[in-house]
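Geometric and topological summary
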Amino acid sequence: MKMIHKEALEISFKHQYKIKKIFSEILGTHDIEHFSLDLVNPDSEMVFFSGTPSHAFEICNRGLGEYDGIISPEHYENYEFYWWKEAHHKAFANKIQAIRSGILGLKYGFMLVRKWNNFHLIYSFATKSRNLEFQTKVINSINDLLRVGDWAYEEIRPLYANYSGIYEPPKIDVFYQFEGGKPPSRRTKKFLVTKKNKTNILYFPNLQKKYENS
Amino acid sequence: MAENANKLVGARLRTARKINKFRSAKAFSEHIDVPFTTYSQHESGARSMSTSSLIKYCKELSVSADWLLLDLGQLHHSDLETLDSDFRNKEKLLVIKDKEIMTVNIKLYSSILLEYMKYHDEISLSPDDILEFCNDIYNNLIVTSADDATRQKMIKLSISSLLVGVESEANKKTIPNR
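Below is a summary of the structure that appears in this document. Numbering of residues begins from 1 in every chain and follows the order in which that chain's sequence is written. Chains and ligands are labelled sequentially in the order written, the chains with letters from A and the ligands with numbers from 1. In keeping with the model being predicted, local features are shown solely for residues with a pLDDT of at least 70 and side-chain atom pairs are shown and tallied solely at 80 or more, while totals for entire chains, interfaces and linings include all residues. Side-chain numbers come from the whole structure's heavy atoms, not from hydrogens or water.

1. Observations concerning the overall build of chain A
Operational definition: Helix and strand assignments come from DSSP, with helices taken as H or I runs of at least 4 residues and strands as E runs of at least 2, each series counted from the N terminus. In this scheme, a residue with accessible area under 20% of its type's maximum is buried, one over 50% is exposed, and one in between is partly exposed, where area comes from a 1.4 Å probe on protein chains only. By definition in these notes, contact holds between two residues if any of their heavy atoms fall within 4.5 Å. All accessibility values rest on the Shrake-Rupley procedure with a 1.4 Å probe; residue burial counts only the protein chains present in the view.
When you go through chain A residue by residue, the secondary structure sums to eight helices and nine strands. Within chain A, the fraction of its 214 residues that count as buried is 50%. In chain A, 69% of the contacts between residues at least 6 apart in sequence involve partners at least 24 apart. Summing over all exposed atoms, chain A offers an accessible surface of approximately 10,500 Å²; the carbon and sulfur share of this is 50%.

2. Observations regarding the environment of B:Lys18
All names here are of chain B. As for its position among the elements, Lys 18 is in helix 1 (residues 2-19). Accessibility expressed as a relative area gives 42% for Lys 18, which makes it partly exposed. Along the chain, Lys 18 and Leu 61 lie 43 residues apart, while their C-alpha atoms are 9.5 Å from each other.

3. Some remarks on the pairing of strand 5 (residues 108-116) of chain A
Within a regular strand, side chains alternate between the sheet's two faces. Residue and element names in this part refer to chain A. Note the cut-off: One requirement defines pairing of two strands: DSSP has to find at least two bridges between them.
Judged by how many residues are buried, strand 5 sits mostly within the fold: eight of nine residues are covered. Summarising the sheet, strand 4 (residues 81-83) and strand 5 pair through three bridges and their orientation is antiparallel. Paired with Tyr 82 across the two strands is Met 111, which belongs to strand 5. Looking at chain direction, strand 5 and strand 6 (residues 119-127) are connected through nine bridges and run antiparallel. Opposite Trp 116, over in strand 6, you have Phe 119 as the bridge partner. Turn length for the strand 5-strand 6 hairpin, with the two strands adjacent in sequence and antiparallel, is two residues, and the turn residue Asn 117 shows positive phi of about 50°. Relative to strand 7 (residues 185-186), strand 5 runs parallel, the two being bridged by two bridges. Counterpart to Trp 116 in the pairing with strand 7 is Arg 186.

4. Some details on the pattern of salt bridges
This is how it is decided: Any carboxyl oxygen of Asp or Glu within 4 Å of a side-chain nitrogen of Lys or Arg constitutes a salt bridge here.
Applying the stated criterion to the full structure yields 18 salt bridges over all chains. Residues A:Arg157 and A:Glu154 are paired through a salt bridge, measuring 3.2 Å at the closest nitrogen-oxygen approach. In this pair, A:Arg157 and A:Glu154 both sit in helix 7 (residues 142-160), three residues apart, roughly one turn of the helix. Assigned by exposure class, A:Arg157 and A:Glu154 land together as buried. Two residues, B:Arg17 and B:Glu43, come together in a salt bridge whose shortest N-O distance is 2.8 Å. Of this pair, B:Arg17 sits in helix 1 while B:Glu43 sits in helix 3 (residues 36-44), and the two are 26 residues apart along the sequence. Here B:Arg17 matches B:Glu43 in class, with each residue buried. Bridged by salt links that share partners, the residues A:Lys20, B:Glu132 and B:Asp136 form one connected network.

5. Comments concerning the interface of chain B and chain A
We apply this condition: Here's the idea: put two parts together, see how much 1.4 Å probe accessible area each one loses, and the total over both is what we call buried area.
Taken together, the contact pairs 21 residues of chain B with 18 residues of chain A. Buried area between chain B and chain A, both sides added, is near 1,600 Å², and the carbon and sulfur share of it is 59%. One can count four salt bridges joining chain B with chain A. Residues B:Glu169 and A:Lys21 are paired through a salt bridge, measuring 3.3 Å at the closest nitrogen-oxygen approach.

6. Some details on the pairing of strand 2 (residues 34-40) of chain A
Residue and element names in this part refer to chain A. Within strand 2, seven of the seven residues are buried, which leaves it mostly tucked inside the rest of the structure. Of the two faces of strand 2, the one carrying His 34, Ser 36, Asp 38 and Val 40 and the one carrying Phe 35, Leu 37 and Leu 39 are both buried. Across seven bridges, strand 2 lies against strand 6 in antiparallel orientation. The residue bridging Ser 36 from the neighbouring strand is Ser 124, located in strand 6. Across five bridges, the pairing between strand 2 and strand 3 (residues 45-50) is antiparallel. Paired with Leu 37 across the bridge in strand 3 is Phe 49.

7. A short note on the side chain of A:Arg186
Tracing the sequence through the fold places A:Arg186 in strand 7. Setting aside residues no more than four positions away along its own chain, A:Arg186 makes contact with A:Arg114, A:Lys115, A:Trp116, A:Asn117, A:Tyr176, A:Gln177 and A:Glu179.

8. Thoughts on unusual backbone geometry
All names here are of chain A. In this structure, Asp 31 is a non-glycine residue whose phi angle is positive, near 65°. Mapped onto the fold, Asp 31 is located in the loop between helix 2 (16-23) and strand 2. Unusually for a residue other than glycine, Asn 117 sits at a positive phi of about 50°. Along the chain, Asn 117 falls in the loop between strand 5 and strand 6. Judged by its relative accessible area of 9%, Asn 117 falls in the buried class.

Written out as structure tokens, the structure is:
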């Protein structure tokens, strides 16, 4: 079930300057003209940090957020990579596509998904170009794009900590190449279960050993 | 080089004229009792202006000589309020920029500029960076179906992010190295 943070539509406007500064390093490479981080905490609550704030805003404002397949758990929990067009809801595909392609000018888009410490980190990329070679370029550059996404997430992570509920967003300190299929579930070196509002920390040394050895 | 300088001065003169609600160069030249050919050449940059003309223009248009000649300092907030009140009820304005004709929702753009002007003295960015950021806000909001109240809220959030971001960058620069 998809849950969108109560401030989700405002966050990209509220932090527009910082997001723009960080994402400007990404835009223009590999024909990418839109980038956003769609971050899902272990409670399945989603937050958007978008270089195109109007994207999520307009889709949700028109009541189509619930039907947008590209941010549905059905896709991000099961696919490490998927094109936007593969995730369209059957009944509302045309309406959503009209907003993306017609109004916002985003012709081709795709998602790359990481899973760390039960967070889903969804890297959303798109181009406004009609270049048919874009899809080939993406496949050939997929690990570069993952690096870009990891880097952008690390830059945004301190900000995201304000919206991740009781969970600390994971710090990615290892790069993993694209594997395909379901997003592999990974753990950071110190996987702690913490409650932000309480002082007691639960630490599972046995679990940590298990993940270090796997 | 002098030719280019005259054109830049002329462009600022044209901007100041429009902000003061003189729709045509002819109307303004009649108002200040300057021959139309003289004024239009000053505005087009075809001719450099005398000191007495400079003083007259600055006085009539309420702009500083520094700004008109050298693009130093700023146009005052009240100028933008005047612009906004003049175009408040109009949705679009034809704007001539570098010989291209752009259609702009002046109501939306004015809202953005007015919000920015509240913090103008606190934000130390180049005019190009400010304009680019305001354009980004505009481009994001113009495509949405949000109502005026929601747009205004998003404008406030975006401009606030600019203030916070610039302050944060300034603080990082002033932290001494260990």
